[in-house]
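# Structural overview
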Amino acid sequence: MTDQHAQHRTAGVARWAAPRLGMSALLALCLAACAPGGDPGHLAIAGPFEFTSQEPGRDGYLFTRMQVAETLVDIAEDGRLIPGLARAWQATEDGRSWRFELRGGVRFHDGTILDAEAAAKALTIARTRSVVLRNAPLAAVTAEDADTLRIDLTRPFALLPAALTHFSTLIAAPASYRADGYVESLLGTGPYRIAEIDPPHRLVVERFPDYREPAPSIRRASYLTGHRAESRTLQVLSGQTDLVYTLDPSSLDPLRRSPGVSVHERLIPRTLQLKLNAGHPFLDDVRARRALSLALDRGGLAERVLRTPGTEAEQLLPPMFEAWHLPDARAVQQDLPTARGLLAELGWRRGADGVLVRDGRRFELELMTYADRPELVVLATAIQAQWRAVGVDARIAVENSGSIPLGHANGTLETALMARNYGTIGDPLGIVRADFGGDGGGDWGAMNWDNTAILPQLAALETETDPARRRAHARAVSRVLRDELPVIPVLYYVQHTAVAERVR
């Protein structure tokens, strides 16, 4: 184990809910007495997201965060790729093959040893089920010897190690898979194994006695789904739960005042943003999109609505992505006169009720959002009021999150407020390429928008390894997204985690 990997394992409790955790929080926690349910060795966690299976491509996020399963490559807190189940990796000179050297002495939860054959089987199956591998130029995944996994590509692909940090590429024991490749009973290599599972709401894990050092300090842990943020808040305030994440902004003040609870804040690589249908006749001109952006008081939204001052987003990619983040980008200040002027240039005139009218049509848009992240509904209401100040009437529709890609696919979506995670694999290239890389955009990115200028930049980033040249290509893409606003960045995301005082 490298020193950096050992340090990564001792990260604090607030990182449990980060986009990609790896091997940190449960190993680092200690528990005092007075446990929920009277078991001092049991850590109780509550979150908003359901799970429906043990299939890595669908629900692997839960099993990696609960440390049942691990990936070949992991991510350090600063975004660097670090060893996971692979202790080292190397590409051939032509970039068409990669070799991954596996850690020795790793056991699956059924007692079998991790070797390259088992890893090759897991990734070969994942190729058909993982979005990140399905879009990668994989030719073959084979065991070169017992400890060396070889991945051959149809073309150079510098993103491969980062792609192998994604939860859908977790390595499960061969016995986990049915004949058709479906995972019915997940046997991982993590410090915890599944003890009880009751989809979609409850998972209990227990310490795996044959886990390599360092051994986990907590005996059991449970994850319970609770859709309402208010219920999760009451659970931690009443001592029923130890750790609760994804909190309603209105819950933060009472939690901070509670003597038995601490609230941790963490900026994570997620952006609260507005997805726009750039093919809509009201939004197909960049001036309209710019006007909607200028109508937003981001400072007020951050400080007074979400209680996260300083998180205003002046560009799409958060500052932790140094290669993509434009250091010279200026903060976007609310500018109602300029916003109104841009809309007037497009022929919009204020009607009797204050809503803009053009060619007999009112400037009405549906603003879709979802309640899985409770801050989105509150934020949507504030955005509705700010757009009304420039004559745009937004009707809020609270749906489930799947309605956004559905609306993209069938063409009915007009605008949507969402939280987009750019850090699922450590390098945002895969997300940016899916969201903006042609064919009118992606389910969670642009809609009916293409810019051919960014396509060669995205293609170059797939093979380029020189840091300076990668930075130049990435920032060129970021400038186009900032200038054309196929998606409007609003705020950078702060994860709030409430933790009971018995957790150390």
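Scroll up a little and you will see the structure.
Predicted model only: the values in this text are computed from it and were never measured.

Moving on, we get to helix 9 (residues 286-294). Among the residues making up helix 9, those that are buried are A288, R289, A291, L292, S293 and L294. Between the side-chain oxygen of the N-cap and the backbone nitrogen of R287 there are 2.8 Å, and the N-cap of helix 9 in question is D285.

What follows covers the sheet that holds strand 11 (residues 243-245). The 10 strands lie next to each other as 8-9-10-1-11-19-12-18-16-17, forming an open sheet whose pairing is mixed. At either end of the open sheet lies a strand with only one pairing partner, and these are strand 8 (192-198) and strand 17 (393-399). The average undirected angle you get between the axes of adjacent strands in this sheet is 25°. Bridge analysis of strand 11 against strand 19 (residues 487-500) gives 3 bridges, and the strand direction is antiparallel. The residue of strand 19 that forms the bridge with Y245 is T497.

Glancing now at the pattern of salt bridges. Within the structure shown, the criterion is met by 33 salt bridges. We note a salt bridge from R150 to E144, for which the minimum N-O separation is 3.6 Å. Across the salt bridge formed by D353 and R362, the nearest N and O atoms sit 2.5 Å from each other. The class for D353 is partly exposed, based on a relative accessible area of 42%. For R362, a relative accessible area of 28% corresponds to the partly exposed category.

The next point concerns the packing of helix 7 (residues 229-237) against helix 8 (residues 249-257). Axis separation between helix 7 and helix 8 bottoms out at 10 Å; the angle between their running directions is 10°. By the angle between their axes, helix 7 is roughly parallel relative to helix 8. Contacts between helix 7 and helix 8 pair T233, V236 and L237 from the former with S251, P254 and L255 from the latter.

This brings us to the side chain of R470. Looking at the secondary structure, you find R470 in helix 16 (residues 467-484). A residue is classified by how much of its surface remains accessible, and R470, at 16% relative accessible area, is buried. Excluding residues within four positions of it along the chain, R470 makes contact with A158, D427, L429, L461, E464 and T465.

Right, let's talk about helix 15 (residues 455-463) for a bit. Burial in helix 15 covers these residues: L458, A460, L461 and E462. Elements in contact with the buried residues of helix 15: helix 14 (429-436) and helix 16.

Turning our attention to the sheet that holds strand 6 (residues 138-145). Pairing in this open sheet of 4 strands is antiparallel, and the strands run 4-5-7-6 from one edge to the other. Strand pairing shows two members of the sheet lacking a second neighbour, strand 4 (86-91) and strand 6, which therefore form its edges. This sheet shows a mean twist of 20° between the axes of neighbouring strands, independent of strand direction. Of the strands in this sheet, strand 5 (97-102), strand 6 and strand 7 (148-153) touch helix 4 (residues 116-126), which is tilted by about 165° from strand 6.

Rules used in this analysis
- Residues numbered from 1 in each chain as written.
- Predicted model: local features only at pLDDT ≥ 70, side-chain atom pairs only at ≥ 80, totals over all residues.
- Heavy atoms only, no water.
- Buried < 20%, exposed > 50% of the residue type's maximum accessible area, 1.4 Å probe, protein only.
- Helix = DSSP H or I, 4+ residues; strand = E, 2+ residues; numbered from the N terminus.
- Polar contact = N/O pair within 3.5 Å; in protein donor to acceptor, adjacent residues only side chain to side chain.
- Pairing = 2+ DSSP bridges.
- Axes fitted to C-alpha atoms, helices over the stretch in contact; angles between N-to-C directions.
- Salt bridge = Lys/Arg side-chain N within 4 Å of Asp/Glu carboxyl O.
- Parallel < 35°, antiparallel > 145°, perpendicular 65-115°, else oblique.
- Contact = heavy atoms within 4.5 Å.

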